[in-house]
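# Observations on the model geometry
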Amino acid sequence: MATTNTYLNFNGNCEEAFTFYKSVFGGEFSYLGRFSDIPSSENLSITEADKSKIMHISLPIGNSILMGSDSGGEWAPDFKQGNNFSISISADSKTEADKLFKELSNNGKISMPLEDTFWGDYFGMLTDQFGISWMVSFNEQQNQ
């Protein structure tokens, strides 16, 4: 059965926010990646100012994971503090990820189709027909 976690988006202060959350909840970041970690591509250019920003960060809290990134600016022109979150689904199989993604995107909008990514997940993003943002992923290594 899939699990859900909260994914927070920030406009340049993700690292500061997650350092604060870490001081509140304790623990260690299970992942911290910056935009400078993204492999070069002719379809994507990252400014020097954005390279040090957080592409993805994870902080385990109990049985859940608080996740986040800096995704304001050109990546999120409609960014508004207060509605800057998504629900992240970790599927138990690629088949389950496909099913959930297809059903949630019905009458919604796909912003990133499900596909294999450089960080190892099968991953996609969408907004459902009610305006809720979802991230669907499957990681074969974590489900073995």
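Residues numbered from 1 in each chain as written. Predicted model: local features only at pLDDT ≥ 70, side-chain atom pairs only at ≥ 80, totals over all residues. Heavy atoms only, no water.

## Describing the pairing of strand 1 (residues 3-10)
- As paired elements, strand 1 and strand 5 (residues 85-90) share six bridges and run antiparallel to each other. Residue pairing across strands places N5 opposite S88, the latter belonging to strand 5.
- Both strand 1 and strand 4 (residues 64-70) contribute to a ladder of four bridges, which runs parallel. Each bridged residue has a counterpart across the sheet, and for L8 the counterpart in strand 4 is G68. (Pairing = 2+ DSSP bridges. Helix = DSSP H or I, 4+ residues; strand = E, 2+ residues; numbered from the N terminus.)

## Quick notes on the side chain of S86
- Within the secondary structure layout, S86 lies in strand 5.
- Not counting chain neighbours up to four residues away, the residues in contact with S86 comprise N5, T6, Y7, N9, S133 and M135. (Contact = heavy atoms within 4.5 Å.)

## Thoughts on the packing of aromatic side chains
- Scanning the model with the defined rule gives five aromatic pairs in all.
- Each ring, one from F10 and one from F18, has its centre 6.2 Å from the other, and the planes form 80°; the classification is edge-to-face.
- The exposure class of F10 is buried, given its relative accessible area of 9%.
- F18 gets classed as buried once you look at its relative accessible area, which sits at 0%.
- Seen in terms of ring centroids, F118 and W119 are 5.2 Å apart; in terms of plane orientation they differ by 85°. Their pairing is edge-to-face.
- Taking the relative accessible area as the measure of exposure, W119 reaches 37% and is therefore partly exposed. (Phe/Tyr/Trp six-rings, centres within 6.5 Å; stacked < 30°, edge-to-face > 60°. Buried < 20%, exposed > 50% of the residue type's maximum accessible area, 1.4 Å probe, protein only.)

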